[in-house]
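Coordinate inspection notes
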Amino acid sequence: MQASEGTAGMTGMAGAVLVLGGARSGKSSFAEGIVTRWPRPWIYVATSRVYDAEMRDRVAHHRAGRAEGWDTVEEPHDIGPVLDAAGVRPVLVDCLTLWLTNLLLDGCDIAQARDGLLSALRRRAAPTVLVGNEVGLGIVPDNALARRFRDEAGLLHQAIAREAGRVVFVAAGLPMEMK
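Because the structure is predicted, anything quoted here is derived from the model rather than measured. (Residues numbered from 1 in each chain as written. Predicted model: local features only at pLDDT ≥ 70, side-chain atom pairs only at ≥ 80, totals over all residues. Heavy atoms only, no water.)

A few words on unusual backbone geometry. The omega torsion of the bond from Arg40 to Pro41 falls at 0°, within 30 degrees of zero and hence cis. The peptide bond linking Asp94 to Cys95 adopts the cis configuration, its omega dihedral lying at 10°. You can see Cys95 is positioned in the loop between strand E4 (91–94) and helix H4 (96–105). Within the chain, Arg24 stands out as a residue other than glycine whose phi angle is a positive 55°. Within the secondary structure, Arg24 is located in the loop between strand E1 (16–21) and helix H1 (27–35). (Helix = DSSP H or I, 4+ residues; strand = E, 2+ residues; numbered from the N terminus.)

Written out as structure tokens, the structure reads:
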């Protein structure tokens, strides 16, 4: 997709692209490729928290694979203000499911956070690409927290997909246009 195609020039939710996929599906690389078709500088909103060496290695791997021109903002909770502050710069949010994990583990009001994110996306004056893990394709989790996480992730993805200008599912590095 060229910057002149698809969501180029669109604002608000029409300018949003939701990229879903499983672990190591290629969704983050695909999403970065979408954003880097617009002029720099780009904003990378990283939602993960680093609790251990393994996660530190994952973050380092992600950073090392990015092209130059990214400004990284680490934000585990309040994505809306970051989107507002980005102005007309293209933004990549990676990833929604880590953001949701942070909210759940910290006892936040998920519905309020989801509504706040949607409101911020509607106000955007530039393209926004959001990455999320599709977690609802497997077995039903055996504990309440995991089931709630799966359910909340599905509700979050549905809410964004309803209004986003484009939705892509990535499997084995191959993008499949859903919307």
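Before going further, it helps to spend a moment on the packing of helix H5 (residues 110–123) against helix H6 (residues 144–163). Closest axis-to-axis distance for the H5/H6 pair is 11 Å, and the angle between their directions is 20°. Overall, the two elements H5 and H6 adopt an arrangement that is roughly parallel. Regarding H5 and H6, the two cross each other, and that crossing is right-handed. The residues of H6 that touch H5, namely those facing Ile110, Arg114, Leu117, Leu118 and Arg122, are Arg148, Glu152, Leu155, Leu156, Ala159, Ile160 and Glu163. A breakdown of the residues in the contact of H5 with H6 according to their chemical character gives 7 nonpolar, no polar and 5 charged. (Axes fitted to C-alpha atoms, helices over the stretch in contact; angles between N-to-C directions. Parallel < 35°, antiparallel > 145°, perpendicular 65-115°, else oblique. Left-handed = near helix turned anticlockwise from the far one by under 90°. Contact = heavy atoms within 4.5 Å. Nonpolar A, V, L, I, M, F, W, Y, C, P; charged D, E, K, R; others polar.)

On to the environment of Leu92. Relative to the assigned elements, Leu92 resides in strand E4. C-alpha separation for the pair Leu92 and Ile43, spaced 49 residues apart in sequence, amounts to 6.2 Å. Among residues more than four places away in sequence, those in contact with Leu92 are Ala31, Glu32, Val35, Ile43, Tyr44, Val45, Trp70, Val129 and Val131.

Right, let's get into the nonpolar core. One finds Leu83, Val93, Leu96, Trp99, Leu117, Leu130 and Ile160 to be the most contacted residues of the largest nonpolar core, which totals 31 residues. Secondary structure elements with two or more residues in this core: E1, strand E2 (42–46), helix H3 (79–85), E4, H4, H5, H6 and strand E6 (166–171). Of the residues forming this core, the biggest block, 6 residues, is contributed by H5. Of all hydrophobic cores here, the second largest spans 16 residues; its members include Val19, Trp38, Val129 and Val168. (Core = buried A, V, L, I, M, F, W, Y, C linked by side-chain atoms within 4.5 Å. Buried < 20%, exposed > 50% of the residue type's maximum accessible area, 1.4 Å probe, protein only.)

Turning our attention to the environment of Gly26. Structurally, Gly26 is set in the loop between E1 and H1. Considered as a pair, Gly26 and Leu174 are 148 residues apart in the sequence and their alpha carbons are 7.6 Å apart.

Turning our attention to the packing of H4 against H6. With their axes 10 Å apart at the nearest point, H4 and H6 run at an angle of 130° to one another. For the element pair H4 / H6, the angle class is oblique. Note that H4 runs across H6; the crossing there is right-handed. Residues Leu96, Thr97, Trp99, Leu100, Thr101, Leu104 and Leu105 of H4 touch H6, and the partners they reach there are Leu145, Arg148, Phe149, Glu152, Ala153, Leu156, His157 and Ile160. Classifying every residue of the contact of H4 with H6 gives 10 nonpolar, 3 polar and 2 charged.

So, about the sheet that holds E1. Hydrogen bonds between backbone groups are what pair the strands of a sheet, and the pairing can be parallel or antiparallel. Strand order in the open sheet made by the 7 strands is E3-E2-E4-E5-E1-E6-E7, with mixed pairing throughout. Of all the strands in the sheet, just strand E3 (70–74) and strand E7 (174–177) have a single pairing partner and so form its edges. Ignoring which end each strand starts from, the neighbouring axes of this sheet average 20° apart. The sheet contact formed by E4 and strand E5 (residues 128–133) spans 4 bridges and is parallel. Bridging across to E5, Val93 finds its partner in Leu130. The strands that H1 touches are E1, E2, E3, E4, E5, E6 and E7; relative to E5, the one it contacts most, it runs at about 175°. Helix-sheet contacts for H4 involve E1, E4 and E5, and the interaxial angle to E5 is about 70°. (Pairing = 2+ DSSP bridges.)

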